[in-house]
Amino acid sequence: MNMQQAIKMTAAESALVDAYTAQIGDLPGDGAVLSLRDTLVHELRTAGLPTRRVEAWHYTDLRTLLRSVPAADSTAFSERVDAIVPGSSVLSVRNGQAELKTIPEGVTARSYSESLIDGSAAAGLAVLGADDAIGRINGGLVRGGLEIAVAEGAELKAPVEIQVVQSHGQAHTRFPVSFGAGAKATVIERHLSTSAEPSFVSSVSDVTLADGADVIWIILQQQGPADTHLGQIRFDLGKDAKLHLFVINAGGKLVRQELHGKASGEGADVTLRGINLLGGDSHTDVTFTLSHEVPHSTSTEIIRNVVFDRAKGVFQGKILVAKDAQKTDAKMSCNTLLLSDEADFSAKPELEIFADDVQCGHGATVADFDRTQLFYLLSRGIPENKARAMLVNAFVAEIVEELEDDEALVEALEGVISAWLEKHA
Amino acid sequence: MLEIKNLHARIAEDGTEIIRGLDLTVKAGEVAAIMGPNGSGKSTLSYILSGREDYEVTEGDILYNGESILELDASERAAKGIFLAFQYPVEIPGVATMQFLKVAMNEQRKYRGEDELTTPEFMRRVKEAAANLKIAPDMLRRPLNVGFSGGEKKRAEILQMALLEPKLCVLDETDSGLDIDALRVVADGVNALRSPDRAVVVITHYQRLLDYIVPDTVHVLYRGQVVKSGDKTLAHELEANGYADIIGAAA
């Protein structure tokens, strides 16, 4: 008989498996969903959390870094929070409970637990690969979330804010969102915490853009200083679809945000902009993979990192260009300001190109302040601490300014950045 | 207003001595021109006056209104009224021009114990000064110096100078890269600031700017020293005969 060797589970691994065991019979799902959950949790039990020996997790050894996982608490309660951009439609999941009060015109939405119960969610629960620890944890334990569809041709005037609020304990949420052909929308996926007690959050968004859809998707992570956030967004773009992804990490203790996508239609265009504001003892990882599968698709990725204290940051960016994907144009850059001797950032840009007629490039810089810029501000009478704060702010605000078409959005995001900097710098 | 006494200074990083025993006095109300061939230390002098940390003073002193400023950092010197118009104004993407102007004006006021400007008062001052310098409002909406032409950058420097109302203005090669019309606008801006309680140090390579900003004194800098001083006729002499005679006499 071939016995599978069981590893000795860490406290965090045990806590996750125990959370599952404790909720058996209570977690929503039809037969297919429930047996998938079993498989995923079994994999977690046998393989454990990924370590540095797994290439995709080399810089974020989850097994070592995740010391503990708070127990799920079904009595946790959070107040609703005001939208970050005034006038947005807020669809919230608070401590796992979906709330669908303000569904804008052109949008249909239902609670994700319904999709689990009727089994339509089953296909989407599959992991992306053996290393997909986030998909595995989330698929095993997911309870709340929203399934959202934006109608063909709908142009949403105000942003939709998907608000995920957690006070403490665990939350495992999922957001399948589809945009019909030619739809135009701005979505803000916002994760925040209402208490300093630890939370463990996993969240997977599964986003499809039909031909010609034009979407700005912002992931704004503002968890508390003791929180673990494991986020993932999967995306797929049809012909001439445009996706502008924007990730802002401004919180959390242990954070991994993955973005995995495909440009499946010719003329598809992906923009990734990332801002990591890192301080304290936090560890934050942004991992991006994009596969250009057809000719004439384009992408640009710019990541800006500001690292204070003993914080550590990671950016992994991988662009794959399939054999037939000629005329792909892809550019990636990662720039970091290290603002203390103990701050640390690892950048790993990768290109895998199988086509021969493409333009791809990447670059990474780590720097201190530009001395000439600093002197210029000082020479106008601006004191050094203020001048430094202005330059840090400028370093990241430059990225936000690209969203200039929506002034309220730019103002809101700049507000998040300056509030964070005021607190940490 | 400004007294530089036996100043010696070097590049902090590699110890190269640039200023070698420089003496210069500029009185309130005076416009002093500093001329000299490339590499004579003109720009270095402007940086040292404004407190750039890349240079080290090894000997001598700089007195401003009778007090040594060597221990003050660049922002303190600015708040006390020393202004440098840069030869190459610095682009800072992500910093809005208006925000920069407001912070600079208010920080200087704070340092001097004055109230901050109200927003309407700030706007009024900027509008007025910008109009005098023929600066279009859309230029002020851009990030600081980003995408400005050479002439626009120089006009923006003079705009800052007009708004900050310094007592000692140092203009480093403000004429470089300017066409004749822009030169006139910039010169008018500087002349408008001439007053009995303000001194201007004009650093330039060419006589041309001095036709518009007429100096009271002219000083020739060579190898980190003032080798000759005179009135405005000295500038004309240099224009006609070049630096060779003076340098030859000094060597």
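Residues numbered from 1 in each chain as written. Chains lettered and ligands numbered in written order. Predicted model: local features only at pLDDT ≥ 70, side-chain atom pairs only at ≥ 80, totals over all residues. Heavy atoms only, no water.

Our focus in this paragraph is the overall build of chain A. Check the secondary structure of chain A and you find 8 helices and 19 strands. A compact globule built from 425 residues would reach a C-alpha radius of gyration of about 22 Å, and chain A, at 21 Å, matches this within 12%. Its C-alpha atoms put chain A at 70 × 45 × 45 Å along the principal axes. Across the 425 residues of chain A, 54% fall into the buried class. Carbon and sulfur atoms make up 50% of the accessible area of chain A, which totals about 17000 Å². Between the centroid of the 37 positive side chains of chain A and the centroid of its 59 negative side chains there is a distance of 4 Å. (Helix = DSSP H or I, 4+ residues; strand = E, 2+ residues; numbered from the N terminus. Rg over C-alpha atoms; globule rule 2.2 N^0.38 Å. Buried < 20%, exposed > 50% of the residue type's maximum accessible area, 1.4 Å probe, protein only. Areas by Shrake-Rupley, 256 points an atom, 1.4 Å probe, with all protein chains shown as cover. Lys, Arg positive; Asp, Glu negative; His and termini not counted. Charge placed at Lys NZ, Arg CZ, Asp CG, Glu CD.)

Further remarks concern the sheet that holds strand 5 (residues 67-68) of chain B. Residues and elements named next belong to chain B. Spatially, the 4 strands line up as an open sheet ordered 2-1-4-5, and their pairing is antiparallel. Among the strands making up the open sheet, the edge pair consists of strand 2 (17-26) and strand 5. Two strands pair when backbone bridges link them, and strand 1 (residues 2-11) and strand 2 are joined in this way by 7 bridges, in the antiparallel orientation. When the sheet's bridge partners are listed, A9 is paired in strand 2 with I19. (Pairing = 2+ DSSP bridges.)

Residues and elements named next belong to chain B. Not every positive phi belongs to a glycine, and N65 is a case in point at roughly 50°. Along the chain, the position of N65 falls in the loop between strand 4 (55-64) and strand 5. Positive phi outside glycine occurs at N145, with the angle close to 65°. Tracing the backbone through its elements, the reader meets N145 in the loop between strand 8 (143-144) and helix 6 (150-164).

Residue and element names in this part refer to chain B. The sheet contact formed by strand 1 and strand 4 spans 8 bridges and is antiparallel. Paired with L2 across the bridge in strand 4 is Y64. Direction of pairing for strand 4 relative to strand 5: antiparallel, over a ladder of 2 bridges. Residue pairing across strands places Y64 opposite E67, the latter belonging to strand 5. Taking the residues between adjacent antiparallel strands as the criterion, strand 4 and strand 5 are bridged by 2 residues, where N65 takes a positive phi near 50°.

It is worth spelling out the confidence of the model for chain B at this point. Counting all residues, the mean pLDDT for chain B is 92, and 99% of those residues have values of 70 or more. Across the interface, the model reports ipTM at 0.95; the global pTM reads 0.84. (pLDDT = per-residue confidence, 0-100.)

Further remarks concern the domain arrangement of chain A. All names here are of chain A. Along its sequence, chain A is organised into domain 1 (11-265) and domain 2 (369-425). A straight line from the C-alpha centre of domain 1 to that of domain 2 covers 30 Å. Residue-level contacts link 14 residues of domain 1 with 11 residues of domain 2. Between domain 1 and domain 2, a total of about 960 Å² is buried, with carbon and sulfur atoms accounting for 87% of that surface. The largest contributions to the domain 1 side of the interface with domain 2 come from V85, F246 and I248, which together make up 39% of the buried area. Inspection of the domain 1/domain 2 interface yields 0 salt bridges. (Domains from an automatic or database assignment. Contact = heavy atoms within 4.5 Å. Buried area = accessible area lost by both parts, 1.4 Å probe. Salt bridge = Lys/Arg side-chain N within 4 Å of Asp/Glu carboxyl O.)

Another point: the packing of helix 1 (residues 11-23) of chain A against helix 2 (residues 31-47) of chain A. All names here are of chain A. One way to put it is that helix 1 packs onto helix 2 with a least axis distance of 10 Å and a crossing angle of 155°. Considered as vectors, helix 1 and helix 2 are oriented roughly antiparallel to each other. Note on packing geometry: the crossing formed by helix 1 with helix 2 is left-handed. Contacts between helix 1 and helix 2 pair L16, V17 and Y20 from the former with L34, R37, D38, V41, L44 and R45 from the latter. (Axes fitted to C-alpha atoms, helices over the stretch in contact; angles between N-to-C directions. Parallel < 35°, antiparallel > 145°, perpendicular 65-115°, else oblique. Left-handed = near helix turned anticlockwise from the far one by under 90°.)

Now for the packing of helix 3 (residues 97-111) of chain B against helix 4 (residues 119-132) of chain B. Residue and element names in this part refer to chain B. Look at helix 3 against helix 4: their axes get within 11 Å of each other, and the N-to-C directions meet at 110°. Classified by the angle between their axes, helix 3 and helix 4 sit roughly perpendicular to one another. Crossing of helix 3 over helix 4 shows right-handed handedness. Residues M98, L101, K102, M105 and R109 of helix 3 lie in contact with helix 4, whose contacting residues are T119, F122, M123, R125 and V126. Here the residues of the contact of helix 3 with helix 4 are counted per class, giving 6 nonpolar, 1 polar and 3 charged. (Nonpolar A, V, L, I, M, F, W, Y, C, P; charged D, E, K, R; others polar.)

Here we take up the environment of B:V26. Residue and element names in this part refer to chain B. Tracing the sequence through the fold places V26 in strand 2. V26 sits 173 residues away from A199 along the chain, and the two C-alpha atoms are 7.0 Å apart. Not counting chain neighbours up to four residues away, the residues in contact with V26 comprise M1, L2, A32, A199 and V201.

Turning to the nonpolar core, a few remarks are in order. Counting 120 residues, the largest nonpolar core has A:I275, B:I4, B:L159 and B:L168 as its most contacted members. Beyond its immediate chain neighbours, meaning those up to four positions away, B:L168 contacts B:M1, B:L2, B:Y64, B:G81, B:I82, B:F83, B:A199 and B:V201. In terms of nonpolar packing, the next biggest core, distinct from the first, is built from 52 residues, A:F179, A:L245, A:I319 and A:F345 among them. (Core = buried A, V, L, I, M, F, W, Y, C linked by side-chain atoms within 4.5 Å.)

Attention shifts here to helix 7 (residues 180-193) of chain B. Residues and elements named next belong to chain B. The terminal C-alpha atoms of helix 7 lie 20 Å apart, and with 14 residues this matches the ideal 20 Å at 1.5 Å per residue to within 8%. Of all the residues in helix 7, the buried ones are A182, L183, V185, V186, A187, G189, V190 and L193. Check the buried side of helix 7 and you find it contacts helix 6, strand 9 (168-172) and strand 10 (199-204). N-cap assignment for helix 7: the residue whose side-chain oxygen lies 3.2 Å from the backbone N of D181 is D179. (Expected span 1.5 Å × (residues − 1). Polar contact = N/O pair within 3.5 Å; in protein donor to acceptor, adjacent residues only side chain to side chain.)

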